Amino acid sequence: MRAGRFSSALLSLLIVASACAVAQDEPAVIPNPAKIARAAGEFALGRATTIVAVGGDAEARGAAATLAEFFRKTRGLRLAVAAGEARDGEINLRRDASSASGAEGYRLEVTPRRIEVTAATRAGLFYGGITLWQLIAFSQPREAMTIPALSIDDAPRFAWRGLLLDSARHYQSPQFILKFLDAMAAHKLNVLHWHLTDDQAWRLEIRKYPRLTSVGAWRVPAGAGGRDIDPATGRPRLYGGYYSQETVRGIVAYAAARAITVVPEIEMPGHASAAIAAYPQLAAIAAPATRVPADWGIYDNVYSLEDSTFAFLEDVLAETIALFPGAYIHIGGDEVVKAQWLQSARSRALMRSLASDDPERLQTYFTQRIGRYLESRGRRAVGWDEVLAPGLPRSAVVMSWRGIDGGVAAAQAGHDVVMTPTSNTYFDYYQSQDTAREPLAIGGFLPLDTVYAYEPIPPALDSLQARHVLGTQGQIWTEYQRTPRNVEYMVFPRLVALSEVAWTPREQKDFADFRGRLAKHLARLAVIDVNYRRLTP
Ligand code: ACM
């Protein structure tokens, strides 16, 4: 059919259809920004578009460089980076210390003439750039990309927007972790809680204690029904791996460039079997089990309460502190079996000297000592809710995982808390009740809408206590997630929903609206090579 034969009726039909196409391209930003207003027209992004760090500001230059790398890696867009005056036709990043957008907020203004991102901090500029990245429709050819004219004023609801990655039960490669950090950054998440030690492995190189990784990072069999068989001999191979200090520095720097703080978790005083396999003298009893276990569950091995063990732990924490510049060090504290302390005459004597016959008092003693050490080094301890007891250092942060009561009690006692209840944030649970069609998981059932519905401020808190809720995070425990593809499958898209829980104003949350945006957002997950679970009707 030739154009000349279009009837005017057909023409007006086409105009309506193209208007619908525009409507379909409504910005589907996730997490939903606090304020968004559409305007007329669009900005054309081309091969020659430059990201300008206005005024040559160092923080703006840093954000510009990371964004250019992100656009190149994920969209094949090679944007030049420059410093100087704001210019028409370009993406201008302007740091303005007086900006009202707060520590992580930003203002994004797209006009047909130019793009301006304004923020008080590098993190805010980066987030403005991430929103921009989401605004490029994925259906557009690389030569003709446009961004709809609009203005966005945005800032997160919570300061702690995280994910726990369990690298102990199964080791993930550093390359995977870098890619995972990109996926977190694409959702404006800012904490990677990195679970580095457990019964089944010790993954962090500690120079003073090389056996932690030469012994503690390896096991046979692999776990979760797997063995690594050496094809040459037919026999099982050692399974595991660890992160050298150099690798860790690289990961921490890569995260920092994306406004993500890495919070390392060194589990104590329980979940200590791998460390005790490496150094049996750390145990509370004379003859502990000294194999790195490959099965899941909660083990009896627990650190002793001797000064020599505290000296070891302080050495480990000193090297950890040197690697992780963030304010927080996670010290575990969950699921501590007290049987070995009760078997030990010296631990029982310590308990009596503390005027107690309750072994819980020994955990409090332990946490206080480690907490005081971290305070003396200018860091804040984070612990699972079992650490909450009178005498917990005020600076300690409590993670409420066994429901929300621990978080409520901790906030009422004046502690900061991170809300991580199994009911809404455990991504090791199944995403469907049709478990036969899902990859093997630990059990449970946590569908997308239950994650989305989560409200991190418990109703029992008054407005002053509620200020202690730093935020929330998802957890991907990896007992049953042996491969990186499975880790991604369990995390996505549930983490996408949680990003909106943590970022978007409460009154703006709407699951149906989110799901509509998510359907479009899946194309973005695809370009960052994330193996997400398909949406079900
Ligand atoms: C935990 O899930 N044991 C914190």
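The structure this text deals with has already been given above.
Residues numbered from 1 in each chain as written. Predicted model: local features only at pLDDT ≥ 70, side-chain atom pairs only at ≥ 80, totals over all residues. Heavy atoms only, no water.

J.: Hey, could you run me through the pairing of strand 16 (residues 380–384) in this one?
T.: Every other side chain in a regular strand lies on the same face of the sheet, so the side chains alternate between the two faces. Counting buried residues in strand 16 gives 4 out of 5 residues, a clear majority hidden from the surface. One ladder, built from 3 bridges, connects strand 15 (residues 328–332) with strand 16; its direction is parallel. Residue His 330 lies in a different strand from strand 16, and its bridge partner there is Val 382. Relative to strand 17 (residues 397–400), strand 16 is paired through 3 bridges, and the arrangement is parallel. (Buried < 20%, exposed > 50% of the residue type's maximum accessible area, 1.4 Å probe, protein only. Helix = DSSP H or I, 4+ residues; strand = E, 2+ residues; numbered from the N terminus. Pairing = 2+ DSSP bridges.)

J.: Got a minute to help me understand the sheet that holds strand 14 (residues 261–268) in this structure?
T.: The pairing of strands in a sheet happens through backbone hydrogen bonds and is either parallel or antiparallel. Taken in spatial order, the 8 strands line up as 8-9-14-15-16-17-18-21 and close into a barrel, and their pairing is parallel. Put simply, the sheet's adjacent strands are angled 30° from each other on average, direction ignored. Here strand 14 pairs with strand 15 via 2 bridges, running parallel. Bridged to Glu 265 within strand 15 is His 330. Against the sheet, helix 12 (residues 405–412) contacts strand 17 and strand 18 (417–419), and its axis sits at roughly 155° relative to strand 17. (Axes fitted to C-alpha atoms, helices over the stretch in contact; angles between N-to-C directions. Contact = heavy atoms within 4.5 Å.)

J.: How do you make sense of the side chain of Lys 509 when you look at a structure like this?
T.: By secondary structure assignment, the location of Lys 509 is in the loop between helix 17 (494–503) and helix 18 (511–527). Here Lys 509 occupies a buried position and makes no salt bridge, while the nearest side chain of opposite charge, Glu 455, is found at 5.2 Å. Polar side-chain contacts of Lys 509 include one of 2.8 Å to the backbone oxygen of Tyr 452. A polar side-chain atom of Lys 509 sits 3.0 Å from the main-chain carbonyl oxygen of Tyr 454. Setting aside anything within four residues of it in sequence, one finds Lys 509 in contact with Tyr 452, Ala 453, Tyr 454, Glu 500 and Val 501. (Lys, Arg positive; Asp, Glu negative; His and termini not counted. Salt bridge = Lys/Arg side-chain N within 4 Å of Asp/Glu carboxyl O. Polar contact = N/O pair within 3.5 Å; in protein donor to acceptor, adjacent residues only side chain to side chain.)

J.: Would you explain the environment of Ile 321 in this entry?
T.: Here Ile 321 shows up in helix 8 (residues 307–323). Relative accessible area serves as the criterion here: at 6%, Ile 321 is assigned to the buried category. The spacing of Ile 321 and Tyr 429 is 108 residues in sequence and 32 Å in space, taken between C-alpha atoms.

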